[in-house]
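Structural overview
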Amino acid sequence: MSALRDAIAGHRYPSGLERRSPLNGLRRGSVGTVDLVAQSVAAVAPAGVLLAQTGGLVSRGGSFAYFDLLLTATIVVMVALSIAIFGRRISAAGGVYTFVTRGAGPLLGIAAGSAIALGYGGMAVDTLLSGVRRIVALLFFGEFGERASAQLLTVILLVVVVAVITLVIALGARTSTRIMLAIEVVAVAAILTVSVIVFARAGWNVSGLVPDLAAAPSLGSFAAGIGLAMTGFVGFESGAALGPESRRPLASVPRALGWTAGALAAVYLFGVAAQLSAAPTSPGGATNTLLASTEFAQTAPWIAPAIEGVIAASWIVCALACTNALVRLVFSLAREGVLPPALSGTSLRSATPHRAAIAVGAVILVATLLREVTGWDSLFARVLTLSSSMGFIVAYLLVSVGAVAYLIRLREFSSREAWPAVLAAVALVGVILAEVLSADDGRRTALMVFTTILIAACVVHMVRVRRDPALRARLGVYDTPIASDALDGLREEEAARSGDGRPTR
């Protein structure tokens, strides 16, 4: 006790702890678990998916659509449990990239990082353009395609929205997540309201949820349906990228991922159930989306535009969330030296990776403008669309594999903790194979481009690692305890908070 008393009296820092974290510059404790959930839910954009994009799943899966969705939700929960293996042990701005690097080494790590970067980028471009186009369509009262000035207005709005997204990210994690939280609360409330109304008008008919064994799809079609349903969940892990900026990250990140996966599964299952209940009485049958099933929208002229506005807001917030996660990934890679170190700088005022935010915002804007100019059927558009789904699926496969390897490396492997990762990896291999085998010529070409990008990134990365052993030692950087976290560092941290409002890292 005398040693402890002497250490406290002398304000000495404990041995073995550094004064600064490898991720110094980010503001610790600025967001809570709810903020992490808001980030994750916003990256998925459940309102946009459920109101406008579930028609493909229902059309492809037929009577097995609900079973496809239920099985997909189970896979997503297992992936969340796999990521939680890392989340309970380390807190990393690099998210999946850092986790896989720590678990399975630099080769699979950069493959996961490249895949999820393509996923975030492709999703941001896709949702940003879709959201802006819906806003333009609302401004033109549905005559979007008939006005020559529509594309010019689209370009102007794209520039404005990307500038706002970059500014919001630069202002801090708390600012961005609170904006996401406010919009997503409204969006989720809207889709639940629509689902209840559609379900009630259909007489709460649940017959469409029961698979018709006589019309069972082939194994390939069934797996492809799961792959399509998986696109409705991609991005749910993005909250892990804000772990170093959260309070009690080793507890809040796994909790946030579990809440997000469970909440999304519940919302989707209820929404698709409502859609299937209305399918027999809706024009076009089961090919309709939930939005197309909202016959009540004809009773008031403001309902349809309001729903379109909710979808547009959901898409734009999704672009914000994906860009936010991508900024943290770029910051982490730059801090390691994989990307130019200049991108690892943080703002002294807001404690955010503002340089990475500006760089990522510029790339997203250029890519979105290029997609608008080249059209929806170009190879560039196909690669972006493919990346927004396949990039995440590949990353989820690698993080599931990496979770098992990580437990083995730490000598903490147990079947009780590892079984979700094993099952998730097996299921995701099947999903990827089904996607590859069922691809048409255009999608197959996009797959080749996507694969080439991943292979090129891996080759370049491994060459650099072999030439620079110091780089290998820096890979997989994550937040670590610092001296001010210990008992005798609390006084200095409190002094720093009272001085400039942010803790010393």
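Here the residue numbering is sequential within each chain, running from 1 through the sequence in written order. Only residues with pLDDT of at least 70 get local features here, since the model is predicted, and only at 80 or more are side-chain atom pairs given and counted; chain-wide, interface and lining totals rely on the full set of residues. Hydrogens and water molecules were not included; the side-chain quantities draw on all heavy atoms of the structure.

1. Some thoughts on the overall build of the protein chain
Where helices and strands are cited, they refer to DSSP runs of H or I of at least four residues and of E of at least two residues respectively, numbered from the N terminus. For the protein chain, the helix and strand inventory stands at 18 helices and zero strands. Throughout this description, buried means an accessible area under 20% of the type-specific maximum (1.4 Å probe, protein chains only), exposed means over 50%, and partly exposed covers the range between. The buried share among the 505 residues of the protein chain stands at 55%. The contact criterion used throughout is that any non-hydrogen atoms of two residues lie within 4.5 Å. Sequence separation of at least 24 residues holds for 82% of the intrachain contacts in the protein chain that already meet a minimum separation of 6. Of the roughly 21,100 Å² of accessible surface on the protein chain, 66% is carried by carbon and sulfur atoms. Here, Shrake-Rupley sampling with a 1.4 Å probe gives the accessible areas, and only protein chains in the shown set may cover a residue.

2. Regarding the side chain of Asp-35
Its place among the elements puts Asp-35 in helix 2 (residues 33-44). Setting aside its immediate chain neighbours within four residues, Asp-35 contacts Thr-177 and Arg-178.

3. Here we look at the environment of Ser-114
Structurally, the position occupied by Ser-114 is in helix 7 (residues 106-139). Under the relative-accessibility criterion, Ser-114 is labelled buried at 13%. It is 6.3 Å that separates the C-alpha atoms of Ser-114 and Leu-454, two residues lying 340 residues apart in sequence. Residues in contact with Ser-114, not counting those within four places in the same chain, are Leu-454 and Ala-457.

4. Considering a nonpolar patch on the surface
Only residues whose relative accessible area exceeds 30% and that form no salt bridge are eligible for patches; like-charged ones are grouped when within 9 Å, while nonpolar side chains (Val, Leu, Ile, Met, Phe, Trp, Tyr) are grouped when within 5 Å. Salt bridge, as used here, is a side-chain nitrogen of Lys or Arg placed within 4 Å of a carboxyl oxygen of Asp or Glu. A grouping of Leu-152, Ile-156, Val-160 and Val-164 is seen on the molecular surface, where their side chains present a nonpolar patch of about 360 Å² in accessible area. The class for Leu-152 is exposed, based on a relative accessible area of 55%.

5. Here's the deal with the nonpolar core
Residues Val-79, Phe-99, Leu-128, Phe-233, Phe-236, Val-394 and Leu-428 are the most contacted members of the largest nonpolar core, which totals 147 residues. Those residues within four positions of Phe-236 in sequence are excluded, and the remaining contacts are Ser-40, Val-44, Val-76, Val-79, Ala-80, Ile-83, Leu-257, Thr-260, Leu-264 and Tyr-396. As used in this record, nonpolar core signifies buried Ala, Val, Leu, Ile, Met, Phe, Trp, Tyr and Cys residues forming a set joined through side-chain atoms within 4.5 Å.

6. A closer look at helix 7
Since the α-helix packs 3.6 residues into each turn, any two residues three or four apart lie on the same face. Helix span, as expected, comes to 1.5 Å for every residue beyond the first. Taking 1.5 Å per residue, 34 residues should reach 50 Å; helix 7 reaches 48 Å between its end C-alpha atoms and fits that length. Burial analysis of helix 7 places 24 of its 34 residues in the buried class, the great majority of the element.

7. Thoughts on the side chain of Asp-126
Note on placement: Asp-126 falls in helix 7. Excluding residues within four positions of it along the chain, Asp-126 makes contact with Arg-371, Trp-376 and Ser-388.

8. Some details on the pattern of salt bridges
This model, assessed by the stated rule, comprises 11 salt bridges. With a closest N to O distance of 2.6 Å, Arg-178 and Asp-35 form a salt bridge. Of the two residues, Arg-178 is situated in helix 9 (residues 173-201) and Asp-35 in helix 2; the sequence distance between them amounts to 143 residues. Here the salt bridges share partners, and the residues they tie into one network are Arg-88, Arg-89, Glu-412 and Glu-417.

9. Re unusual backbone geometry
Unusually for a residue other than glycine, Ala-45 sits at a positive phi of about 55°. Tracing the chain through its elements places Ala-45 in the loop between helix 2 and helix 3 (46-52). The phi torsion at Arg-411 lies on the positive side, around 60°, for a residue other than glycine. Examined against the element boundaries, Arg-411 turns out to sit in the loop between helix 14 (379-409) and helix 15 (415-437). Classification of Arg-411 by relative accessible area gives exposed; the value is 79%.

10. Here's the deal with the packing of helix 9 against helix 12 (residues 303-336)
Between N-to-C directions, angles span 0 to 180 degrees; the directions come from axes that are lines fitted to C-alpha atoms, helices contributing only their stretch in contact. Across the interface, helix 9 lies against helix 12 with an axial gap of 10 Å and an inter-helix angle of 145°. Between helix 9 and helix 12 the crossing geometry is left-handed. Contacts from Ala-173, Ser-176, Met-180, Ile-183, Glu-184, Ala-187, Ala-190 and Val-194 of helix 9 reach helix 12 at Ile-307, Val-310, Ala-313, Ser-314, Val-317, Leu-320, Ala-321, Asn-324 and Arg-328. The residue inventory of the contact of helix 9 with helix 12, partitioned by class, reads 12 nonpolar, three polar and two charged. It is the rotation of the near helix from the far one that decides the hand of a crossing: anticlockwise by less than a right angle makes it left-handed, clockwise makes it right-handed. Each residue receives one of three labels: charged for Asp, Glu, Lys and Arg, nonpolar for Ala, Val, Leu, Ile, Met, Phe, Trp, Tyr, Cys and Pro, and polar for the others, Gly being one of them.

11. Here we look at the packing of aromatic side chains
Working definition: rings of Phe, Tyr and Trp (its six-membered ring) pair if their centres are within 6.5 Å, and the pair is stacked with planes under 30 degrees apart, edge-to-face with planes over 60 apart, and tilted otherwise. Applying the stated criterion across every chain, the model contains eight aromatic pairs. Judged by centre distance (5.3 Å) and plane angle (80°), the ring pair of Tyr-120 and Phe-392 falls under edge-to-face. One end of the pair, Tyr-120, is in helix 7; the other, Phe-392, is in helix 14, and 272 residues separate them in sequence. Across the pair, exposure class does not vary: Tyr-120 and Phe-392 are buried alike. An angle of 50° between the planes, with centres 5.7 Å apart, marks the rings of Phe-199 and Phe-270 as tilted. Note that Phe-199 is positioned in helix 9 and Phe-270 in helix 11 (residues 249-278), a separation of 71 residues in sequence. With a relative accessible area of 5%, Phe-199 lands in the buried category. Judged by relative accessible area, Phe-270 falls into the partly exposed class, the value being 27%. Taken together through their ring pairs, the aromatic side chains of Tyr-120, Phe-236, Phe-392 and Tyr-396 make up a single cluster.

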